[in-house]
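Geometric and topological summary
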Amino acid sequence: MAARPISSPAPGPAVRDGLFRKERDPPSPCPSPSRRRPARSLPDVCPKEPTGDGRGLREGPSVVSEHDRWTVYSSKVNLPAALNDPRLAKRESDFFTKTWGVDFAETEVMPSFCLGDVSPEHFAAYLRESAQRERIHQRCKTLCPIKDDIVDAISSISTNQVEKSRAELDQVPKMFLKPDFALEEPSTFNAVLPWSHFSSGGGGGRSSRDVASSKLLQEKLSHYLDVVEVSIARQISLRSDAFFHAMSSQRELRERLRETQEAVALLRRRTAAMDRVMCRGPLAALRAALARGNCVRLHGKLKLMAAVHQTQPTVQLLLSTCEFVGALELIATTKEVLQQELQGIHSFRHLGSQLCELEKLIDKMMVEDFSMYARSELNRSLRDDAQLLEKERLQSLVFGLLRQRKLDFLDIYGDEMMAAAKAVVSQCVAERLVSIDEIDAEVVTKLAEQMRLMTFPHWFELLKDVFERFLLFLHRMKATLGVIRSVVLEVLESNRKTSCGETSQPPRQAAVARDDVAELAYLTHDGPFISDAHQDRDASAGTAGAGSTSAGEPNVMCNPASDMMPSDLELDGVLNNIQELLHAASDVSHDRCVKILVARAKDGSLERVSSSEFVELSVAVESFARVTEELCGRRSVSLRGALQSQADRFVHRFHEERKTKLSLLLDNERWKQADVPAEFQELVDSMADGTIALAPRKAAGPDDRKPSDVLLVEGRKYAVVGTVLLLIRIFLEYCQCVNDIPAVATDVLTRLADLLKHFNSRSCQLVLGAGALQVVGLKTITTKNLALASRCLQLVMFYIPVIRRHFESKLQPKHFAVLRHFDHINKDYSEHVSEIWAKLVAIMDAVFDKVLNKYEVKAPMPSSCFRHVCKQMVKMHEAINDLLPAEQTQMLFVRINGSLKMNLKRQLARLGVVNDGGPQHGLVVVDVTFYTENVQALNNLHTLDLNMADIWEQKR
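Since the structure is predicted, the reported quantities are computational estimates derived from the model, not experimental observations.

Each helix and strand counted, the protein chain has 32 helices and 5 strands in total. Each of the 956 residues in the protein chain was classed as buried or not, and the buried ones make up 37%. Contacts in the protein chain between residues at least 24 apart in sequence constitute 79% of all its contacts with a sequence separation of at least 6. Split by element, the accessible area of the protein chain, about 56,100 Å² in all, is 55% carbon and sulfur.

Written out as structure tokens, the structure is:
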């Protein structure tokens, strides 16, 4: 037999009215009296429920209550177990003090002033809530009373029985009490039945010793069994009341289960009656409504299928009228319907791929049509007006391309624009050659050579024709790009309104807005259309009510175009590309015109044109550049740069021609006073009025106006040579060139400065350097030549500030530094005039020195020397008096008079004549008086004399 594992005997708890008292774990072999604690009571397995008000049962455990709801009875650890801590003594000493200090436990805590006085009224609500539980607890105590004497008796009895039971159970081997005891194991079996004690002799018979051993073993095992059974019976007897109480509780439980079963049966009968009377009829009505809704949706599906079946014919009809957007919208809507509403329908299994192929075909058609439209629009005759043709077709193409995100269509237009711009020049040249008989287009095939063979008037007319054609070309491009821009802006505005509307409108209004987009594809047709099917389906869905909604199908279908249209960022990029394309058209037009200029200027023909012709060219180019800038909003620099390059060459040739002309005039100038024609006087007068420009040339004819001897400039008389008059006209030509071509102002100023320097240096070489003796063949350079050259230089000096102010008004502020050339020129001219005056004084000084070296102080008086001096002074005065102004004449003679004084002083010193009042002194005074009277008789020299005090040496 197998023995069950039995725990160590423990004192049995006392039993009274079904209430058990259980002691803690078995004590150690030598339990301490201080650690011995009385047995604790355990709750009944099924305590009796008190009679009376059933509301008290709601707070206790019940087998029919919810098991998931937590109550106080679900607690696994009670308060005594939580307080029974073996480390209690240590904790009491250091739990609080280790953190807050050793004086924490003994410190008296002051009552909080924030807490009010607690009165019994504060616990009134809690007492009212717990009163019912307390009454139940009191009833339980009445049913299961426990008294102290009973507890003590139970404790004493339990102690004796535990010791006796333990002594008996100690006789049983521990092997039988192991939890893993298994007799089928060989080791356990051999330990229980020690076969080694039995003889294993032959014969098969058992000896009397073996029989005695077997009986002894059997009695031992029976004794062990009796001990265990007695212990079990004792335990059962101690807990008999609990067993009987559990059995009575089970009877009550079975009674309650029977009542519950009857209640459930009654509830089921009533539920069946409610189902029969109240539910079956309404459910049948709901089923009928649901079936009707399903039928309506089926009808809508069939209509939608019929509309989808008509998609391809409708697309062909739309494409025949160039309604690309409508066709694409119809294809996209049909594809959306196939994916959402008609997914899985076998008859439409190939329609999706067919629509995709049709959509790709429409893409190719739109690209080809747009390319053909751009080519035909750009290449049609520029003689026509700039009005755009087939505007609706262009709008439809752009809408379709944007709808398909074909945002590179502007590249196609740009390529066509480049080809059309190249054709403009060749077409203009071919038309111009028809009217020119001198050029054979079959012999000269290259455009550049043909343009170089043209005369300047023919070429200039060709250039103006090209300008006109390109302006028409740009106007036409701007009109086309304006239509494209308006379409892009419309799509951009539509996207923004759609995004705002979807966030602000109710779902139904948003559905209506999306249906409005689908109306782009509405055309007249025979069969049903997808939009009609959608409207019927929406209406049926609205009437179907809850039945239609429960099917889970959407009432409206989202607009597929909202996902296909480009984003706002992409549309902004298209707008930028449109503006860049217009800028590129302006640049291309300027580049083609530059080729015309370069082809003409390759052999230097543009440098040989007259100033007026180049001015006409500059005006035409500047006008074309300004108009294209206003038209396209782009400042193209290629044409202006080419003109600037040609202008630089023209200015160089312009300057070289005039510099050569001035050199020839100077080389032929005899430095004699020239008559001033009336036209030059008028030119000077106009400059005095502020007009720094050439007067228009008058027609050749007799002129009754007589020339004057001098040039009158702002009330001043200037005796000039003919070269200076032409020099004035030349630098006015420079000023006129700046007026006509402001871009070359800096270059012209530099060249004009070079011209003025050349005139100064060359005139100095010819007059002061006496170069005119060899160049012109003059016999000598007279004082009159010198005075005339001085006056001519002064006239040029007078106009240098005027020219400076004129160029300053034409220059940019950053180029004002070049005006310093005029300061240098003015300084050079002043020094040149001073050198001429010094030359005049030196001439007279040489005369005085030659004459006074022969001077002798003797009669007759006045002496021949002073007569000769006076004669030379009169000649000098006659030579320069009509050429120089009075103040300059007086200043010059003051210097000459000083020279005479110095020479006379030296001669008197050599002769030993002193201021002693003697005869020689008197003779000298007579000569000096004669000189003074003769000199003061001359014009503007009445204050000129020789100071005797400065002549005589002091008498020793």
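Once that is clear, we can look at the packing of aromatic side chains. By the definition in use, this model includes 12 aromatic pairs. Aromatic side chains phenylalanine 370 and tyrosine 413 sit 6.4 Å apart centroid to centroid with 45 degrees between the ring planes, which places their arrangement in the tilted category. Of this pair, phenylalanine 370 sits in helix 11 (residues 351-379) while tyrosine 413 sits in helix 13 (residues 409-434), and the two are 43 residues apart along the sequence. Taking the relative accessible area as the measure of exposure, tyrosine 413 reaches 1% and is therefore buried. When the ring of phenylalanine 654 is compared with that of tyrosine 734, the centres are 5.0 Å apart and the planes differ by 75 degrees; the resulting orientation is edge-to-face. One end of the pair, phenylalanine 654, is in helix 22 (residues 638-668); the other, tyrosine 734, is in helix 24 (residues 722-740), and 80 residues separate them in sequence. With relative accessibility at 1%, the residue phenylalanine 654 sits in the buried group.

Side chains of Val118, Phe123, Tyr126 and Leu127 sit close together on the surface and give an oily, nonpolar patch of about 450 Å² of accessible area. Counting through the fold element by element, valine 118 comes out in the loop between helix 3 (97-100) and helix 4 (124-143).

Let's shift gears to the packing of helix 27 (residues 783-810) against helix 29 (residues 864-880). Axis separation between helix 27 and helix 29 bottoms out at 9 Å; the angle between their running directions is 35 degrees. In terms of crossing hand, the pair formed by helix 27 and helix 29 is right-handed. For the pair helix 27 and helix 29, contact is made by Thr783, Lys784 and Ala787 and by Met876, Ala879 and Ile880, respectively. In the contact of helix 27 with helix 29, the residues fall into 4 nonpolar, 1 polar and 1 charged.

Moving on to the nonpolar core. Ranked by size, the top nonpolar core spans 191 residues in total, and within it Ile362, Trp459, Ile484, Leu617, Tyr799 and Phe807 carry the most contacts. Looking at this core element by element, the count peaks at 19 residues for helix 15 (residues 456-504). Ignoring any residue separated from it by four or fewer positions in sequence, one finds leucine 617 in contact with Trp459, Phe460, Leu463, Leu597, Leu606 and Leu643. Grouped together as the second largest cluster of nonpolar side chains are 8 residues, Leu169, Val172, Tyr224 and Val228 included.

Before going further, it helps to examine the environment of valine 574. If you trace the backbone, valine 574 turns up in helix 20 (residues 568-601). Of the residues examined, valine 574 reaches a relative accessible area of 2% and is grouped as buried. With 166 residues separating them along the chain, valine 574 and aspartate 408 place their C-alpha atoms 8.8 Å apart. In contact with valine 574, not counting residues within four places along its chain, are Leu407, Leu410 and Val488.

Let us now look at the packing of helix 25 (residues 745-768) against helix 27. Relative orientation of the contacting elements helix 25 and helix 27 amounts to 175 degrees, with a least axis distance of 12 Å. On the basis of the axis angle, helix 25 is roughly antiparallel to helix 27. In contact with Ala745, Val748, Leu749, Leu752, Leu756, Phe759, Asn760, Ser763, Val767 and Leu768 of helix 25, helix 27 contributes Asn785, Leu786, Ala789, Leu793, Val796, Ile803, Phe807 and Lys810. In terms of residue class, the contact of helix 25 with helix 27 is made up of 14 nonpolar, 3 polar and 1 charged.

Here we take up the pattern of salt bridges. What the rule picks out here adds up to 18 salt bridges. Between arginine 640 and glutamate 629 there is a salt bridge, and its shortest N-O distance comes to 3.6 Å. Placement of the pair is arginine 640 in helix 22 and glutamate 629 in helix 21 (residues 611-632), with a sequence separation of 11 residues. Among the ionic pairs, aspartate 754 bridges to lysine 659, the shortest N-O distance being 3.1 Å. Here aspartate 754 is found in helix 25, whereas its partner lysine 659 is found in helix 22, with 95 residues between them in sequence. Among the residues examined, aspartate 754 registers a relative accessible area of 29% and is labelled partly exposed. By sharing partners, the salt bridges in this structure join Glu622, Glu629, Arg635 and Arg640 into a single network.

So, on to the environment of arginine 432. Within the secondary structure, arginine 432 is located in helix 13. Accessibility expressed as a relative area gives 21% for arginine 432, which makes it partly exposed. Along the chain, arginine 432 and histidine 458 lie 26 residues apart, while their C-alpha atoms are 8.1 Å from each other.

Our focus in this paragraph is helix 8 (residues 240-309). Given 3.6 residues per turn, any residue in an α-helix points the same way as the ones three and four places further on. Spanning 70 residues, helix 8 covers only 90 Å between terminal C-alpha atoms, well under the ideal 104 Å at 1.5 Å per step. The largest bend along helix 8 measures about 45 degrees and falls at cysteine 279, with the proline proline 282 one to four residues further on. Of the positions making up helix 8, those classed as buried are Ala242, His245, Ser248, Ser249, Gly293, Val296, Arg297, Gly300, Lys301, Leu304, Ala307 and Val308.

Residues alanine 859 and proline 860 are joined by a peptide bond in cis, for which omega reads 0 degrees. Along the chain, the position of proline 860 falls in the loop between helix 28 (820-852) and helix 29. Of note, the bond from methionine 861 into proline 862 is cis; its omega dihedral lies within 30 degrees of zero at -5 degrees. Relative to the helices and strands, proline 862 resides in the loop between helix 28 and helix 29.

A word on the state of the cysteines. Enumeration over the complete set of coordinates arrives at 0 disulfides. Unpaired in terms of disulfides, cysteine 737 finds its nearest cysteine sulfur in cysteine 735, a separation of 9.9 Å. Cysteine 737 sits in the buried class, given a relative accessible area of 1%.

What follows covers the side chain of histidine 806. Along the chain, the position of histidine 806 falls in helix 27. If sequence neighbours within four positions are ignored, histidine 806 has contacts with Ile692, Cys735 and Asn739.

What follows deals with the confidence of the model for the protein chain. In regions of low pLDDT, the predicted coordinates are not meant to be interpreted in detail. Predicted confidence across the protein chain gives a mean pLDDT of 75, with 72% of residues reaching 70 or more. Considering only residues more than four positions removed or in separate chains, one finds that residues 1-67, a stretch of pLDDT under 50, has 94 contacts. A low-confidence stretch, residues 506-529 stays under pLDDT 50, and its non-local contacts, those more than four residues away or across chains, total 32 contacts.

Its relative accessible area of 16% is what places arginine 640 among the buried residues. Among the polar contacts made by the side chain of arginine 640, one reaches the side chain of glutamate 622 at a distance of 3.3 Å. In contact with arginine 640, other than residues within four places in its own chain, are Glu622, Ala625, Arg626, Glu629 and Arg635.

Mapped onto the fold, glycine 573 is located in helix 20. Sequence-wise, glycine 573 and leucine 407 are 166 residues apart; in three dimensions their C-alpha atoms are separated by 9.2 Å.

Definitions and limits used
- Residues numbered from 1 in each chain as written.
- Predicted model: local features only at pLDDT ≥ 70, side-chain atom pairs only at ≥ 80, totals over all residues.
- Heavy atoms only, no water.
- Helix = DSSP H or I, 4+ residues; strand = E, 2+ residues; numbered from the N terminus.
- Buried < 20%, exposed > 50% of the residue type's maximum accessible area, 1.4 Å probe, protein only.
- Contact = heavy atoms within 4.5 Å.
- Areas by Shrake-Rupley, 256 points an atom, 1.4 Å probe, with all protein chains shown as cover.
- Phe/Tyr/Trp six-rings, centres within 6.5 Å; stacked < 30°, edge-to-face > 60°.
- Patch = residues over 30% accessible without salt bridge, like charges linked within 9 Å, V, L, I, M, F, W, Y side chains within 5 Å.
- Salt bridge = Lys/Arg side-chain N within 4 Å of Asp/Glu carboxyl O.
- Axes fitted to C-alpha atoms, helices over the stretch in contact; angles between N-to-C directions.
- Left-handed = near helix turned anticlockwise from the far one by under 90°.
- Nonpolar A, V, L, I, M, F, W, Y, C, P; charged D, E, K, R; others polar.
- Core = buried A, V, L, I, M, F, W, Y, C linked by side-chain atoms within 4.5 Å.
- Parallel < 35°, antiparallel > 145°, perpendicular 65-115°, else oblique.
- Expected span 1.5 Å × (residues − 1).
- Bend = angle between axes of the 7 residues up to and from the residue.
- Disulfide = S-S within 2.5 Å.
- pLDDT = per-residue confidence, 0-100.
- Polar contact = N/O pair within 3.5 Å; in protein donor to acceptor, adjacent residues only side chain to side chain.

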